[in-house]
Amino acid sequence: GIFSKIISPTFDDPESLVRNVALPKSKIKLHSLGVDTDIFSWINRTDRESTINNLRAKLGFKIEDIVVIYTGRFTDQKNPLCLANAIDYLNRDGLTMFRGLFVGKGSDLYEKKILNCRGCSIQDFVSVEQLPNYYGLADIGVWPAQESMSQLDAMSTGLPLILSDTIEVVERVEGNGFLYSDCDPIHLAKQLQKLKDQKLRIKLGRYGAKKVEDNFSWRSIAKSRLEFFLASK
């Protein structure tokens, strides 16, 4: 046929290709989309740059705050409200150092629900060029549901992650964060408490950034794809 080898960026495509194109699995390589590590790169959170510290202060965060960031749409499918409820639970329990920063947009009703949770604030969508500073001012990244390329961008800056236990791309959190029971804000709150220790956050974040550089940067992906196509047919 016209295709000798195919690279698929999703989990559904390979099986579809096997069924519909009759291409053997050995000729199909599954690989995530990549991260531009020239934009999203390691940020030292023990000695943040003045630009990041100023932005952190402008948004109302104290030095001792543990800022948990989510970026993306505010919808039931992506469920950022679960994170807001977890932050609210921690604040009600006296752990007011946990703060939730939600960067994105949703309906007025959904945004109101987030803002009704203690310790939570919303920032409208920002440009890709500004995003590294927002990831840099944060201490933990949480995406309560579904896969998102933002998870890899955040990893690249050194953010430890907490993701849903229903995701298929579990490699995004192995060694650099935790899974939580999907749609369970109490369990999410408990997982957040595990990252209260800054040294642990830095350790996991460094591992995640290295993992992106080795496996998910566009440079590493280009090398991997070239090797795949040059391999014997």
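Higher on the page you've got the structure.
Heads up: these notes are all about the structure in this document. (Residues numbered from 1 in each chain as written. Predicted model: local features only at pLDDT ≥ 70, side-chain atom pairs only at ≥ 80, totals over all residues. Heavy atoms only, no water.)

### Some details on the side chain of Ser150
Just so we agree on the cut-off: Strands are runs of DSSP state E lasting at least two residues, helices are runs of H or I lasting at least four, and both sets are numbered from the N terminus onward. Every residue pair with non-hydrogen atoms within 4.5 Å of one another is taken to be in contact.
Within the secondary structure layout, Ser150 lies in helix H6 (residues 149–156). When near neighbours in sequence (up to four residues on either side) are disregarded, Ser150 contacts Thr71, Tyr135 and Trp143.

### Quick look at the nonpolar core
Put simply, the rule is: Only buried Ala, Val, Leu, Ile, Met, Phe, Trp, Tyr and Cys residues count toward a nonpolar core, and they belong to the same one when joined by side-chain atoms within 4.5 Å. The buried label applies to any residue whose accessible area, calculated with a 1.4 Å probe on protein chains only, is under 20% of its type's maximum; exposed applies above 50%, and partly exposed to all values in between.
With 55 residues, the main nonpolar core has Leu83, Phe98, Leu188 and Leu192 as its most contacted residues. In terms of residue count, helix H3 (residues 80–92) provides more of this core than any other element does, 7 residues in total. Dropping the residues within four chain positions of it, Leu192 is found in contact with Val68, Leu83, Ala86, Ile87, Leu90, Phe98, Ile140, Val142 and Ile162.

### Digging into H3
Stated precisely, the cut-off is as follows: Every helix has an expected span of 1.5 Å times one less than the residues it contains.
For H3, with 13 residues, the first-to-last C-alpha span of 19 Å sits near the 18 Å given by 1.5 Å per residue. Judged by how many residues are buried, H3 sits mostly within the fold: 10 of 13 residues are covered. All buried positions along H3 are accounted for by Pro80, Leu81, Cys82, Leu83, Ala84, Ala86, Ile87, Asp88, Leu90 and Asn91. One or two steps after H3, the chain reaches Gly94, where phi turns positive at roughly 95 degrees.

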